[in-house]
Amino acid sequence: TISLLLGLPIPYANIGGLVPDLLPTPRTGSGDVASPTPHSATALALNAAQVWSYLDAYSKISSDLPVDRLKELKELLDSATLVFKEALASSQKQALLHADEGKQHHDSIAYRQACGLFKLFLAESTDLGKRVWTQFNEGGMMFGIGILVVAWSMTFPLWKRNVRNELWAVLSWRRSDDSMKGHIKCAETASHNKLVPSASSMQSFR
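Each chain has its residues counted from 1, following the order in which its sequence is written. For this predicted model, a pLDDT threshold of at least 70 governs which residues receive local features, and a threshold of 80 or more governs which side-chain atom pairs are given and counted, while totals over whole chains, interfaces and linings are taken from all residues. Each side-chain value is worked out from all heavy atoms of the structure, with water and hydrogens disregarded.

**Overview of the confidence of the model for the chain**
Thinking step 1. On average, the chain scores 78 in pLDDT, and the residues at 70 or more come to 67%.
Thinking step 2. Confidence, expressed as mean pLDDT per element, reaches its minimum in the chain at helix H6 (residues 199–205) with 46 and its maximum at helix H2 (residues 36–61) with 92.
Thinking step 3. Predictor confidence is given residue by residue as pLDDT, running from a minimum of 0 to a maximum of 100. Should any heavy atoms of two residues lie within 4.5 Å, those residues are considered in contact. Under a pLDDT of 50 for its full length, residues 198–206 has, in the predicted model, one contact with residues more than four places off or in other chains. Helix and strand definitions follow DSSP, with helices as H or I runs of at least four residues and strands as E runs of at least two, each counted in order from the N terminus.

Set out below in structure tokens:
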């Protein structure tokens, strides 16, 4: 949907379907609002062709995609494409017969049928991709969780002991540092007292 809104090609590996309601409303040459159904059918046709191109190319290099499901998707896409081509041909004929009112004949039943078939194809393709590529091995997940629990239970005592030793080392270093500062302060005070003469000695000296 974003690619079409920006005027960019749909990503090659995309397996999702666009949202036709988010596409801009088309207008006729005179500026009037036209029916969005042909516009949506064309966008869905491009989207379906892109998805099938990716699935077909992937199936040639890998056997993950079931052959029977691919065959069903191909038949569904062919049916949608055939209806879409019929809608285009009918629309062109109506435009030639009613040049002035051609806009009233673009929204045919064939376009609506084509939109429904393309949407069904995209939904089935997305479902197939999820079932093939989105798998969870519950046994492997539980085994991995068990290994994590065992490893944690084995390393936690060592970690706890190391943390305790480091904490004790930090506390001991702080205590020794405080004690050293106290000794240095006492030594500086004693040295200062020796260097500064008392008042009585100063008087006797005078």
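**Remarks on the packing of aromatic side chains**
Thinking step 1. Aromatic pairs are defined between Phe, Tyr and Trp rings, using the six-membered ring for Trp, whenever the two ring centres lie within 6.5 Å; interplanar angles under 30 degrees are classed as stacked, those over 60 as edge-to-face, and all others as tilted. Per the counting criterion, the structure on display carries six aromatic pairs.
Thinking step 2. A ring pair is formed by tyrosine 54 and tyrosine 58, whose centres lie 6.1 Å apart and whose planes are at 35°; its orientation type is tilted. Pair noted here: tyrosine 54 and tyrosine 58 are both in helix H2, with a separation of four residues, about one helical turn. Like tyrosine 54, the residue tyrosine 58 is buried in the burial classification.
Thinking step 3. Aromatic pair phenylalanine 84 and tyrosine 111: ring centres 6.3 Å apart, planes at 65°, arrangement edge-to-face. Linking phenylalanine 84 in helix H3 (residues 67–97) with tyrosine 111 in helix H4 (residues 109–133), this pair joins segments that are 27 residues apart in sequence.
Thinking step 4. Residue class for tyrosine 111 comes out buried when judged on its relative accessible area of 3%.
Thinking step 5. What links up through ring pairs into an aromatic cluster is the set Tyr12, Tyr54, Tyr58 and Trp133. Relative accessible area decides the class of each residue, using a 1.4 Å probe on protein chains only: under 20% of the type maximum gives buried, over 50% gives exposed, and in between gives partly exposed.

**Details of the pattern of salt bridges**
Thinking step 1. Only one rule defines a salt bridge in this text: a Lys or Arg side-chain nitrogen within 4 Å of an Asp or Glu carboxyl oxygen. Considering all chains together, one arrives at five salt bridges under this definition.
Thinking step 2. Close ionic contact of aspartate 78 with lysine 74 constitutes a salt bridge, the shortest N to O distance being 3.5 Å. Taken as a pair, aspartate 78 and lysine 74 lie in helix H3 at a separation of four residues, close to a single helical turn.
Thinking step 3. Owing to a relative accessible area of 33%, lysine 74 belongs among the partly exposed residues under this scheme.
Thinking step 4. Between aspartate 127 and arginine 131 there is a salt bridge, with its nearest N and O atoms 3.1 Å apart. Here the residue aspartate 127 and the residue arginine 131 both occupy positions in helix H4, the gap between them amounting to four residues, near one helical turn.
Thinking step 5. By relative accessible area, which is 36% here, aspartate 127 ends up partly exposed.
Thinking step 6. Connected through salt bridges with shared partners, the residues Arg69, Glu72 and Glu124 form a single ionic network.

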